[in-house]
Amino acid sequence: MAEENVTGAFHDTLIISEFQGSFPDIPLFKDVDFQELTDGEAKPVFVTLPIGKANVLSGNRRFYDEAFLLELEKQVADRKPIGLMGHLSSDQKGWAMPPEAVHWVGAMRVKEYLLGKGFLPIGESRSRLQRYRATGSKIATSIDATGEGVWDDALGAHKMIASTLRLNQIDIAPADPLLTREMAEQGGIIVVRTQGAKKMTEEEKAQALREMKATDAASLPAEVKAALIQEFTADIRKSLGLGDGDIVTEVKKIQERDTQREKDAVTARIVEISSTGDKAVKVESIREMVVELVEAKAPKTVAEVDIAYAEVLNRPSVKKALQLELQETMGPSQTTPTQSQSSTQSGGVPGMKGTWFVLPPTKS
């Protein structure tokens, strides 16, 4: 005996447990204003997920053929539906207006799949989805719509009639059966498996983690946080060449070693610049004073030593000390007195300058 035809509201959750290849970059529908949609946000967040599949049978015996998927694609483009995290309960429909989790603003066929591109507004839903992405959690989509289906003995299912489809929204949720129970209770679940799944790369995981906020991390499950800590701790050990000891102690040792190396380099530079080269201070007593003044500035790097040294040499007191020490080393300035007396006395030679002595006449 044939089953009765079905009509009215229905929900079917699509879980892609494995999807071959990576999702393409889906363009926005032509009539979507990007600036208006994102409100000028610098880094808007979008999600690309399968929202339908042709020739697939749901858990509550509904069959969706190619014609139905084409109609779904058309209505997504026309209606640009929103989506919630989960479905509204039956007693909430008609009056509840929870914040939208997603706005479906693009769609593309990829073989038997219909992929949807959704904009995630700023809020808890975006944060949750970023956490799911960071932890590799699968995400499901679920159609909230009305339609009719006729029983097909050959299929053993109700074949949904494309022309009767009236799409309301396309909701999203994690694909864990416990978390999608609310959705599953209101409709069947479609689990689609393909071969050769593309796993999230390390770079994609890192990007997802970078997009998370500190407040998001607090709500991660304890086992996920522990796994992340373990993974990043291992990366730190590998990059720093650490052993199996306490990582905090090991890092402190590295910091102390690096600090001491920098101090030694600073000390060596002070000695070098003050005692060698064209900027050296030759007089030891003054050099010691200059070194003390440079050290008092507490330079942290070699570059800071050069700056501090130049500043010290430019001090008026240091300049004066260098000048005085130079004069003491070289002795007083030498001057040669001259007498310009010109003598024409006896014995003198007219025209010759100098000191001439006139002897008294001798007795004859």
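A brief look at the structure comes next.

1. Brief notes about the overall build of the chain
Then comes step 1: Summing up its helical and strand segments, the chain has 11 helices and 11 strands in all.
Then comes step 2: A burial count over the chain gives 33% of its 364 residues as buried.
Then comes step 3: Accessible surface for the chain amounts to roughly 23,000 Å². Of this, 54% is attributable to carbon and sulfur atoms.

2. Overview of the nonpolar core
Then comes step 1: Core analysis: the biggest nonpolar cluster contains 33 residues, and Phe10, Phe68, Leu72, Val76, Trp104, Leu167 and Ile172 have the highest contact counts within it.
Then comes step 2: Contributions of two or more residues to this core are made by strand 2 (45–53), helix 2 (66–79), strand 6 (102–110), strand 7 (113–120), helix 3 (124–134), strand 8 (139–152) and strand 10 (166–174).
Then comes step 3: Residues in contact with Val76, not counting those within four places in the same chain, are Phe29, Ile51, Pro81, Ala107, Leu167 and Ile170.
Then comes step 4: In this structure, Val281, Ile286, Val294 and Val318 belong to the second largest nonpolar core, which totals 12 residues.

3. A closer look at the pairing of strand 7
Then comes step 1: Buried residues dominate strand 7, accounting for eight of its eight residues.
Then comes step 2: Burial along strand 7 is two-sided: Tyr113, Leu115, Lys117 and Phe119 and Leu114, Gly116, Gly118 and Leu120, pointing in opposite directions, are all buried.
Then comes step 3: Relative to strand 7, strand 2 is paired through eight bridges, and the arrangement is antiparallel. Counterpart to Phe46 in the pairing with strand 7 is Phe119.
Then comes step 4: Pairing of strand 6 with strand 7, which is carried by seven bridges, proceeds in the antiparallel orientation. Bridge pairing links Trp104 to Gly118 in strand 7.
Then comes step 5: What sits between the antiparallel neighbours strand 6 and strand 7 is a turn of two residues, in which Lys111 has the positive phi angle 55°.

4. Description of the side chain of Asp171
Then comes step 1: Residue placement: Asp171 occurs in strand 10.
Then comes step 2: With relative accessibility at 0%, the residue Asp171 sits in the buried group.
Then comes step 3: In this structure the side chain of Asp171 is engaged in a polar contact, spanning 2.9 Å, whose partner is the side chain of Gln169.

5. Some thoughts on the pattern of salt bridges
Then comes step 1: Scanning all chains against the criterion turns up 11 salt bridges.
Then comes step 2: Here Glu124 makes a salt bridge to Arg131, at a shortest N to O gap of 3.0 Å.
Then comes step 3: Owing to a relative accessible area of 10%, Arg131 belongs among the buried residues under this scheme.
Then comes step 4: Salt-bridge contacts for Glu311 lead to Lys297; the nearest nitrogen and oxygen are separated by 3.1 Å. Note that Glu311 is positioned in helix 10 (residues 302–313) and Lys297 in the loop between helix 9 (284–296) and helix 10, a separation of 14 residues in sequence.
Then comes step 5: Its relative accessible area of 35% is what places Lys297 among the partly exposed residues.
Then comes step 6: The network of salt bridges with common partners includes Arg269, Glu272 and Asp306.

6. Some points on the packing of helix 8 (residues 247–275) against helix 10
Then comes step 1: Close contact between helix 8 and helix 10 brings their axes to 9 Å; oriented N to C, the two are set at 35°. Between helix 8 and helix 10 the crossing geometry is right-handed. Between helix 8 and helix 10, the contacting residues are Glu262, Ala265, Val266, Arg269, Ile270, Ile273 and Ser274 on the first element and Val302, Val305, Asp306 and Tyr309 on the second.
Then comes step 2: Of the residues in the contact of helix 8 with helix 10, the class split is seven nonpolar, one polar and three charged.

7. Description of the packing of aromatic side chains
Then comes step 1: Evaluated as defined, the whole model comprises three aromatic pairs.
Then comes step 2: Relative to Phe119, the ring of Phe46 lies with its centre 5.4 Å away and its plane at 55°, an arrangement referred to as tilted. Here the residue Phe46 occupies a position in strand 2, and Phe119 occupies one in strand 7, the gap between them amounting to 73 residues.
Then comes step 3: Owing to a relative accessible area of 26%, Phe46 belongs among the partly exposed residues under this scheme.
Then comes step 4: With centroids separated by 4.8 Å and ring planes inclined at 55°, the aromatic side chains of Tyr64 and Phe68 adopt a geometry described as tilted. For the pair Tyr64 and Phe68, one class covers both residues: buried.
Then comes step 5: Aromatic ring contacts, followed pair by pair, group Phe34, Phe46 and Phe119 into a single cluster.
Then comes step 6: Its guanidinium or amino end placed over the ring of Tyr113, Lys53 lies 5.7 Å from that ring's centre, counting from NZ or CZ.
Then comes step 7: Stacked on the ring of Phe46, the Lys or Arg Lys117 has its end atom at 5.0 Å from the ring centre.

8. Looking at the sheet that holds strand 7
Then comes step 1: Spatial ordering of the open sheet is given by 2-7-6-5, a layout of four strands whose pairing is antiparallel. Looking at which strands have only one partner, the edges of the open sheet turn out to be strand 2 and strand 5 (82–83).

Calculation rules
Residues numbered from 1 in each chain as written. Predicted model: local features only at pLDDT ≥ 70, side-chain atom pairs only at ≥ 80, totals over all residues. Heavy atoms only, no water. Helix = DSSP H or I, 4+ residues; strand = E, 2+ residues; numbered from the N terminus. Buried < 20%, exposed > 50% of the residue type's maximum accessible area, 1.4 Å probe, protein only. Areas by Shrake-Rupley, 256 points an atom, 1.4 Å probe, with all protein chains shown as cover. Core = buried A, V, L, I, M, F, W, Y, C linked by side-chain atoms within 4.5 Å. Contact = heavy atoms within 4.5 Å. Pairing = 2+ DSSP bridges. Polar contact = N/O pair within 3.5 Å; in protein donor to acceptor, adjacent residues only side chain to side chain. Salt bridge = Lys/Arg side-chain N within 4 Å of Asp/Glu carboxyl O. Axes fitted to C-alpha atoms, helices over the stretch in contact; angles between N-to-C directions. Left-handed = near helix turned anticlockwise from the far one by under 90°. Nonpolar A, V, L, I, M, F, W, Y, C, P; charged D, E, K, R; others polar. Phe/Tyr/Trp six-rings, centres within 6.5 Å; stacked < 30°, edge-to-face > 60°. Lys NZ or Arg CZ within 6 Å of the ring centre and 35° of its normal.

Everything listed here is a matter of geometry and, on its own, says nothing about what the molecule does.
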